Amino acid sequence: MAYSNISESLLEMHYFRLLVRVYKKRLGHGPGTLYVFKPTSNVEHWYGFDLSFFRASNPRRQVIDDLRSFIHQPGAPTFTSFRAFILQFKVVEIARKRSRLAPTGWTIPYYRAELYLDPNRHTGISQHETLRRLSTLSGASVAYVCP
């Protein structure tokens, strides 16, 4: 496995301006204000993502708190006038040796990124499960970004 010396945070910084332009355009001039939310490293485990772009009628702080509630509490608040792109950056590695974990029929080299499937000690759920829960939120598009 060839490991990259590029970190997720470097990828985020490199693509940030382009992403702002793209998501400003995609989210348009609809109702509410356009916000960018990047959880700090000490709270990222509660949200499961690196970066989000959203438009909402509610104040930014309320939306951020509601996102956390939506992920971690059943019967969480319902969002009104909410549209978001939620991104989790992953560093892609090149697999140069055959692995028993490789999908059937794949040949080397191929590319892969590690997903975090083990429950977080603070939240009790994995990063991947957190993102899956967010993907059920109406108006949200959740994606791994593997440039």
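The rules behind each value
- Residues numbered from 1 in each chain as written.
- Predicted model: local features only at pLDDT ≥ 70, side-chain atom pairs only at ≥ 80, totals over all residues.
- Heavy atoms only, no water.
- Core = buried A, V, L, I, M, F, W, Y, C linked by side-chain atoms within 4.5 Å.
- Buried < 20%, exposed > 50% of the residue type's maximum accessible area, 1.4 Å probe, protein only.
- Helix = DSSP H or I, 4+ residues; strand = E, 2+ residues; numbered from the N terminus.
- Contact = heavy atoms within 4.5 Å.
- Pairing = 2+ DSSP bridges.
- Axes fitted to C-alpha atoms, helices over the stretch in contact; angles between N-to-C directions.
- Expected span 1.5 Å × (residues − 1).
- Bend = angle between axes of the 7 residues up to and from the residue.

**Quick notes on the nonpolar core**
Point 1. With 19 residues, the main nonpolar core has F49, F54, L67, F82 and L134 as its most contacted residues.
Point 2. Contributing elements (two or more residues each) for this core: β1 (33-37), β2 (51-56), α3 (60-72), β3 (82-89) and α4 (127-135).
Point 3. At four residues, the largest contribution of residues to this core is made by α3.
Point 4. Once you skip the residues sitting within four places of it in the chain, L134 turns out to touch Y47, F49, L67, F70, I71, I86, A140 and V142.

**Describing the sheet that holds β1**
Within a sheet, neighbouring strands are paired by backbone hydrogen bonds and run either parallel or antiparallel to one another.
Point 1. Across the sheet, which stays open at both edges, the four strands sit in the order β1-β2-β3-β6 with mixed pairing between neighbours. Looking at which strands have only one partner, the edges of the open sheet turn out to be β1 and β6 (140-145). Recorded for the sheet is a direction-independent mean angle of 10 degrees between the axes of neighbouring strands.
Point 2. The pairing of β2 with β3 spans six bridges and is antiparallel. Bridging from a neighbouring strand, F54 pairs with A84 of β3.
Point 3. In this fold helix α1 (residues 8-27) packs onto β1, β2 and β3, with an angle of close to 160 degrees to the strand it touches most, β3.
Point 4. Lying on the sheet, α4 is in contact with β3 and β6; it crosses β6 at an angle near 150 degrees.

**Re unusual backbone geometry**
Point 1. In the segment running from I108 into P109, the intervening peptide bond is cis, with an omega of -5 degrees.
Point 2. Structurally, the position occupied by P109 is in the loop between β4 (93-95) and β5 (110-112).

**Concerning the pairing of β3**
Both faces of the sheet carry side chains from a regular strand, because those side chains alternate between them.
Point 1. The element β3 is extensively covered by neighbouring structure, given that seven of its eight residues are classed as buried.
Point 2. By the bridge criterion, six bridges tie β3 to β6 in an arrangement that is parallel. Across the sheet, the residue bridging to A84 is A140, located in β6.

**Observations concerning the environment of L131**
Point 1. Secondary-structure assignment places L131 in helix α4.
Point 2. In this structure L131 comes out as buried when scored by relative accessible area, which is 5%.
Point 3. In the structure, L131 is positioned 43 residues away from Q88 in sequence and 8.5 Å away in space, judged by C-alpha atoms.
Point 4. Sequence-distant contacts of L131, defined by excluding residues within four places in its chain, comprise G48, F49, Q88, V142 and Y144.

**Quick notes on α1**
Along an α-helix, residues three or four positions apart point the same way, because every turn accommodates 3.6 residues.
Point 1. With 20 residues, α1 extends only 24 Å from end C-alpha to end C-alpha; this falls clearly short of the ideal 28 Å at 1.5 Å per step.
Point 2. The largest bend in α1 comes to about 55 degrees, at F16.
Point 3. For α1, every residue scored as buried is listed here: L11, E12, L19, Y23 and L27.
Point 4. Each element contacted by the buried residues of α1 is listed here: β1, β2 and β3.

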